[in-house]
Amino acid sequence: MRTRITTMLGIDHPIVQAGMSWASSSAALPAAVSNAGGLGVLAAGPLRPDDFEHVLGQLATATGRPYAVNIPLYRPGAADILDAMHARRVPVVIASQGSPKAHLARFRGIGAIWIQVVATLEHACKAADAGVDALVVVGAEAGGHPPASEVTTLVTVRRVLQEVSVPVIAGGGVADGWGIAALLALGADAVQLGTRFLLTEEATVHANYKAAVLAADVQDTALVGRRDLPIRGLRNAFARAVFDAERDQLPQEDYVALFKKSTLKQAALDGDVEWGKVELGQSAGLVSRIEPAAAVMARLVSELAQVTDRLRAMAG
Ligand SMILES: Cc1cc2nc3c(=O)[nH]c(=O)nc-3n(C[C@H](O)[C@H](O)[C@H](O)COP(=O)(O)O)c2cc1C
């Protein structure tokens, strides 16, 4: 399949493995996805600059295919990571949670492609006006940071495509070829999957985390932390404590302290899936096994072909 994104990035399939802190912060998962013809994405957010440079070196050795580095711009260490990305001439930057404006000229200077992650029409228009090469657009179903408004992927992606002309990589709620075909049909040029790639052998999260994602059905996630920077995560003890705090109208300072005390690292590295932040999307309910990333990629590609054949047959 040829799209503006496969051509821009030089990949075989319009499939992007979403940057996921910890899960894709080592080389294994992005290398496997890139080697299978998709775009593997290294999540640099949790890494210190020297660790990042080490992992980037491993990734470049493990794949000769295109890959990207994701960086949430709001993170305290983001400036140092951006410097390291620039020095190492990272070919594709996928930035989230912040404005691309201050960084674009510098990264253009080394020929990098800059893709901005957005979850609202407003941020999509701002990023497109700033001159990014492409957008990742996610809706409410997504794991991580979906739109606080909870407008769905189906509606968010379509609405953004009414207003911008840059290529869109759409995501949030997709775990199989049917979902990929649906978002391509909406007008996206590629599709990003996060939660599906959490359930791979290469994803570097604790076994308890994978078991919790595997056990979750489509209704087992919630938007947690509406009074801070909300995440879609598992309805666990932490989420219930936050809901109680909202119901009891806890003072903002105490609320933020409660929300920040729990971390993704606590769940992803230590395996505390009751009190840690277990970020995952609604599509966890669509996945029933942990597999090698290459097997996931092969199945996604074959399902996508099945769906397009079906649609072609329906169209006569
Ligand atoms: C465990 C986890 C960690 C994530 N970490 C990041 C991150 O570091 N940077 C980022 O831009 N998005 C992050 N996200 C969001 C994903 O990149 C992606 O947008 C989302 O997973 C897509 O929705 P899906 O899970 O329904 O496929 C994370 C998502 C998950 C599930």
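Data block above holds the structure.
Just so it is clear, the model here is predicted, and its values are computed rather than measured.

1. Re the packing of helix 4 (residues 78-87) against helix 5 (residues 101-108)
Running from N to C, helix 4 and helix 5 point in directions that differ by 20°, and their axes come no closer than 10 Å. Of the possible angle classes, the one that applies to helix 4 and helix 5 is roughly parallel. Classified by chirality, the crossing of helix 5 by helix 4 is right-handed. Contacts from L82, D83, M85 and H86 of helix 4 reach helix 5 at H103, R106 and F107. Here the contact of helix 4 with helix 5 is built from residues that sort into three nonpolar, two polar and two charged.

2. Some remarks on the environment of T204
Along the chain, the position of T204 falls in the loop between helix 9 (195-198) and helix 10 (207-215). Taking the C-alpha atoms as reference points, T204 and A28, 176 residues apart in sequence, are found 8.2 Å from one another. The contacts of T204, once residues within four sequence positions are left out, are W22, A23, S24, S25 and S26. A polar side-chain atom of T204 sits 3.2 Å from a polar atom in the side chain of S26.

3. Thoughts on a nonpolar patch on the surface
On the surface, a cluster of nonpolar side chains totalling about 250 Å² of accessible area is made up of V151, L154 and V155. The topology assignment puts V155 in helix 7 (residues 153-163). Of the residues examined, V155 reaches a relative accessible area of 48% and is grouped as partly exposed.

4. Remarks on the site of the ligand
The full set close to the ligand counts 22 residues, and G19, S21, N70, G194 and T195 are the nearest of them. Contacts to the ligand include S96, whose side-chain N or O atom sits 2.8 Å from an oxygen atom. Coverage of the ligand by the protein chains reaches 94% of its 600 Å² of free accessible surface. Split into classes, the residues belonging to the shell around the ligand amount to eight nonpolar, twelve polar and two charged.

So, how was this worked out
- Residues numbered from 1 in each chain as written.
- Predicted model: local features only at pLDDT ≥ 70, side-chain atom pairs only at ≥ 80, totals over all residues.
- Heavy atoms only, no water.
- Axes fitted to C-alpha atoms, helices over the stretch in contact; angles between N-to-C directions.
- Helix = DSSP H or I, 4+ residues; strand = E, 2+ residues; numbered from the N terminus.
- Parallel < 35°, antiparallel > 145°, perpendicular 65-115°, else oblique.
- Left-handed = near helix turned anticlockwise from the far one by under 90°.
- Contact = heavy atoms within 4.5 Å.
- Nonpolar A, V, L, I, M, F, W, Y, C, P; charged D, E, K, R; others polar.
- Polar contact = N/O pair within 3.5 Å; in protein donor to acceptor, adjacent residues only side chain to side chain.
- Patch = residues over 30% accessible without salt bridge, like charges linked within 9 Å, V, L, I, M, F, W, Y side chains within 5 Å.
- Areas by Shrake-Rupley, 256 points an atom, 1.4 Å probe, with all protein chains shown as cover.
- Salt bridge = Lys/Arg side-chain N within 4 Å of Asp/Glu carboxyl O.
- Buried < 20%, exposed > 50% of the residue type's maximum accessible area, 1.4 Å probe, protein only.
- Near = heavy atom within 4 Å.

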